[in-house]
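# Structural features, examined
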Amino acid sequence: MSDPRPIGLFDSGVGGLTVLEAVARRMPFEDLLYLGDTARLPYGTKSPETVRRYARRAIGFLLAQDVKAVVVACNTASALALDAIEEMSPVPVVGVVAPGAEAAVAAARASDPAGQRVPIAVLATEATVVSDAYGHAIRALDPGRDVTHTACPLFVPLAEEGWTENEVARAAAALYLADVARSGARVVVLGCTHYPLLAGTIAGALPKGTVLVDSAETAARAVEAALPLAFRRGEASHGSTRLLVTDASDRLRRVAGRFLGRPAADLTLVDLL
Ligand code: DGL
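Structural notes, computed from the coordinates. (Residues numbered from 1 in each chain as written. Predicted model: local features only at pLDDT ≥ 70, side-chain atom pairs only at ≥ 80, totals over all residues. Heavy atoms only, no water.)

Moving on, we get to the overall build of the chain. Each helix and strand counted, the chain has eleven helices and ten strands in total. For 273 residues, the compact-globule formula gives about 19 Å, and the C-alpha radius of gyration of the chain, at 18 Å, lands near that figure. Counting only C-alpha atoms, the chain reaches 50 × 40 × 35 Å along its principal axes. Burial status across the chain gives 55% buried among its 273 residues. For the chain, the proportion of contacts with a sequence separation of at least 24, taken over those separated by at least 6, is 76%. Per element, the accessible surface of the chain, about 11,700 Å² overall, is 54% carbon and sulfur. In the chain, 27 side chains carry a positive charge and 30 a negative one; their mean positions are 2 Å apart. (Helix = DSSP H or I, 4+ residues; strand = E, 2+ residues; numbered from the N terminus. Rg over C-alpha atoms; globule rule 2.2 N^0.38 Å. Buried < 20%, exposed > 50% of the residue type's maximum accessible area, 1.4 Å probe, protein only. Contact = heavy atoms within 4.5 Å. Areas by Shrake-Rupley, 256 points an atom, 1.4 Å probe, with all protein chains shown as cover. Lys, Arg positive; Asp, Glu negative; His and termini not counted. Charge placed at Lys NZ, Arg CZ, Asp CG, Glu CD.)

Structure, rendered in structure tokens:
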């Protein structure tokens, strides 16, 4: 049995392409339909009501394309709107917060010194930080674990600009992460689609040996787990990828290329209104 419908992926922009790549590596036979709401990016500085409104509209669009699952690759939308998305979706929904929390707890347990539980630090957008979604998800798996949150809003434009390893990025990381570096946290969650691009600089601002958790791989595993065999595409097929965006420009193509690690394939402009 085989289900030829595509898997839908949604992000506020093109940062979620790292999740798309992880899903494509894990399930190369699946068609992937990606929607980046680039006209409304960033979500991370907006109010919860607005993030939910935007996310619902984008997911409504993806569902109308007859997708067989929805992957919310945007941390901010996962943190603030997953319940609203699940409510409206007849197909399985996978966010990135739960897989990220799971990976963080596993990494923390593996690196805790005997008899101690060191805090987990979450780096994310302001909206995700305020929601405490990672804190909830981590404490649900590991009650009593301390979770600290740090908003690093400048990391988003730095990643888009390609300024991930220069003195501006290092200065921003040093300022944002001074408290995290002192906190004793050994596991740091990159709780925003853009932060993995700054992983080297972030690691450089933290004590040696700090484990950085990027939820792309664990989210891809969660997508596989959410799709029972009957909903997979035949393994003999070769999956295609379609990238839809709500605003397209040469700049966006450049930025998308940074996340994909190769020139961005065709971006198709769509309107959600
Ligand atoms: N995609 C967002 C996230 O992962 C970052 C960009 C934005 O603020 O929209 O939180």
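Having seen it, we continue.
The subject of this paragraph is the site of the ligand. For the ligand, the set of nearby residues contains 13 residues, the closest of which are D11, S12, Y43, G44 and T76. Within the contact set of the ligand, an oxygen atom lies 2.8 Å away from a backbone nitrogen or oxygen of G44. Backbone polar atom of N75 to an oxygen atom of the ligand: 3.0 Å apart, as the coordinates give it. With the chains in place, 99% of the 290 Å² that the ligand exposes on its own is no longer accessible. Of the pockets mapped on this structure, the ligand occupies the largest pocket. (Near = heavy atom within 4 Å. Polar contact = N/O pair within 3.5 Å; in protein donor to acceptor, adjacent residues only side chain to side chain. 1 Å grid on protein atoms, 1.4 Å probe; cavity = no way out; pocket = protein on both sides within 12 Å on 5 of 7 lines; lining within 4 Å. Sits in = over half its atoms within 2 Å of the grid points.)

Take the sheet that holds strand β1 (residues 7-11) next. Read from one edge of the open sheet, six strands run β4-β3-β1-β2-β9-β10, paired in parallel fashion. Looking at strand neighbours, the two that pair on one side only are β4 (93-95) and β10 (267-269), the edges of this open sheet. Going from strand to strand, the sheet's axes swing by 25 degrees on average, the running direction of each strand aside. As defined by bridge partners, strand β9 (residues 241-245) adjoins β10 across three bridges and the pair is classed as parallel. Residue L243 lies in a different strand from β10, and its bridge partner there is L267. (Pairing = 2+ DSSP bridges. Axes fitted to C-alpha atoms, helices over the stretch in contact; angles between N-to-C directions.)

This next bit is on helix α4 (residues 97-111). Along its 15 residues, α4 runs 21 Å from first to last C-alpha, staying within 8% of the 21 Å computed at 1.5 Å per residue. Of the residues making up α4, those classed as buried are V97, P99, G100, A101, A103, A104, V105, A107, A108 and S111. (Expected span 1.5 Å × (residues − 1).)

It is generally the case that most residues other than glycine have a negative phi and that most peptide bonds are trans. Note that the residue after L41, namely P42, is joined by a cis bond; omega there is 0 degrees. Locating P42 in the fold gives a position in the loop between β2 (32-36) and α2 (48-64). Even without being glycine, D66 reaches a positive phi, approximately 60 degrees. Examined against the element boundaries, D66 turns out to sit in the loop between α2 and β3 (69-72). Judged by relative accessible area, D66 falls into the partly exposed class, the value being 44%. Of note, D132 is a non-glycine position whose phi angle comes to about 55 degrees, a positive value. As for its placement among the helices and strands, D132 is situated in the loop between α5 (126-131) and α6 (133-141).

With that settled, the discussion passes to the sheet that holds strand β6 (residues 147-151). Spatial strand order, β6-β5-β7-β8: four strands in an open sheet with parallel pairing. The open sheet has two free edges, formed respectively by β6 and β8 (211-213), since each of these has just one partner strand. The average undirected angle you get between the axes of adjacent strands in this sheet is 25 degrees. Across three bridges, the pairing between strand β7 (residues 187-191) and β8 is parallel. Note on β8: the bridge partner recorded for V187 is V211. Sheet strands in contact with α6 are β5 (120-124), β6 and β7, and its direction is about 160 degrees off that of β6.

Roughly 260 Å³ of internal volume is contained in the largest pocket. If you trace the largest pocket, you find 20 residues lining it, with P42, Y43, G44, T125 and V156 closest to the centre. Counting residues per element, the ones that place at least two in the lining of the largest pocket are α3 (75-88) and α7 (155-161). Among the elements that make up the lining of the largest pocket, the one with the highest residue count is α7 (three residues). Of the residues in the lining of the largest pocket, the class split is eight nonpolar, nine polar and three charged. (Points joined across faces, edges and corners; volume = space filled by probe spheres on them. Nonpolar A, V, L, I, M, F, W, Y, C, P; charged D, E, K, R; others polar.)

What follows deals with the nonpolar core. The biggest cluster of nonpolar side chains holds 46 residues, and the ones touching the most others in it are F10, L35, V70 and I120. With 31 residues, the next largest nonpolar core counts A69, A73, V96 and V255 among its residues. (Core = buried A, V, L, I, M, F, W, Y, C linked by side-chain atoms within 4.5 Å.)

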